[in-house]
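Summary of the model geometry
Residues per chain are reported as follows:
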Amino acid sequence: IFYFDFDKALLKPESRAALLEHSAMLQSNPRNVRLEGHADERGTREYNIALGERRAAAAKEFLVLQGVAGDRIEVISFGEERAAAFGSDDEAWRLNRRVELK
């Protein structure tokens, strides 16, 4: 799971480090993966779907730059629809701003 700042789709340094490890694994184990983008409940449904898409695309772009074939990576956005944490506070919002690699 890779977390993002509010209203951002920029990878954090810790996410880049984890994605580097995943890219090495994906290069030695050629399987397809899915990057699922998520957002917290703030913003419209449409905006959050687009934001989740941008977040997942940022993770995909990073993996592709590390040598993972882009056609092995599916990008999908769930926006705010699949919350990891329920509540309307900073901690719940922080946990919901994420991309999951599956």
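Notes on the structure follow.

About the cut-offs
- Residues numbered from 1 in each chain as written.
- Predicted model: local features only at pLDDT ≥ 70, side-chain atom pairs only at ≥ 80, totals over all residues.
- Heavy atoms only, no water.
- Pairing = 2+ DSSP bridges.
- Helix = DSSP H or I, 4+ residues; strand = E, 2+ residues; numbered from the N terminus.
- Contact = heavy atoms within 4.5 Å.
- Axes fitted to C-alpha atoms, helices over the stretch in contact; angles between N-to-C directions.
- Core = buried A, V, L, I, M, F, W, Y, C linked by side-chain atoms within 4.5 Å.
- Buried < 20%, exposed > 50% of the residue type's maximum accessible area, 1.4 Å probe, protein only.
- Expected span 1.5 Å × (residues − 1).
- Arc of directions from axis to C-beta.
- Salt bridge = Lys/Arg side-chain N within 4 Å of Asp/Glu carboxyl O.

The next subject is the sheet that holds strand S3 (residues 73-79). Remark on secondary structure: sheet strands pair via backbone hydrogen bonds, oriented parallel or antiparallel. The strand order across the open sheet formed by four strands is S1-S4-S2-S3, and the pairing between neighbours is mixed. Edge positions in the sheet fall to strand S1 (2-3) and S3, since each of these pairs with one other strand and no more. Inspection of the sheet shows strand S2 (residues 33-38) paired to strand S4 (residues 98-101) by three bridges, in the antiparallel sense. Bridge pairing in S4 places Gly37 opposite Val99. Strands S2, S3 and S4 of the sheet are contacted by helix H2 (residues 45-65), whose axis makes an angle of about 155 degrees with S3.

Formed by 16 residues in total, the largest nonpolar core has its most connected members in Leu11, Leu19, Leu35, Leu63 and Val99. Mapped onto this core, the elements with two or more residues apiece are helix H1 (13-28), S2, H2 and S4. Once residues within four sequence positions are removed from consideration, Leu19 is found in contact with Phe2, Leu11, Ala59, Phe62 and Leu63.

With that settled, the discussion passes to H1. For H1, with 16 residues, the first-to-last C-alpha span of 23 Å sits near the 22 Å given by 1.5 Å per residue. Every buried residue belonging to H1 is among Ser15, Leu19, Ser23 and Leu26, and all of these are buried. Seen from one end, H1 has its buried residues packed into an arc of 80 degrees, which puts them on one side. Residues of H1 that are exposed and point over 90 degrees away from its buried face: Pro13, Glu14, Glu21 and Ser28. Where H1 is buried, its residues touch S1, S2 and H2.

Counted according to the given criterion, the structure contains nine salt bridges. Residue Arg34 is joined to Glu36 by a salt bridge in which the shortest nitrogen-to-oxygen separation is 2.7 Å. Owing to a relative accessible area of 31%, Arg34 belongs among the partly exposed residues under this scheme. Arg42 is the salt-bridge partner of Asp40, the closest N and O atoms lying 2.8 Å from each other. Assessed through its relative accessible area of 28%, Arg42 is described here as partly exposed.

This brings us to H2. Between its first and last C-alpha atoms H2 spans 30 Å; for 21 residues at 1.5 Å apiece the expected length is 30 Å, and the two agree. Within H2, the full set of buried residues consists of Asn48, Leu51, Gly52, Arg55, Ala56, Ala58, Ala59, Phe62 and Leu63. Buried residues in H2, looked at end-on, bunch into an arc of 140 degrees, giving them a common side. Opposite the buried face of H2, by more than 90 degrees, sit the exposed residues Glu46, Glu61 and Leu65. Of the surrounding secondary structure, the elements contacted by the buried residues of H2 are H1, S2, S3 and S4.

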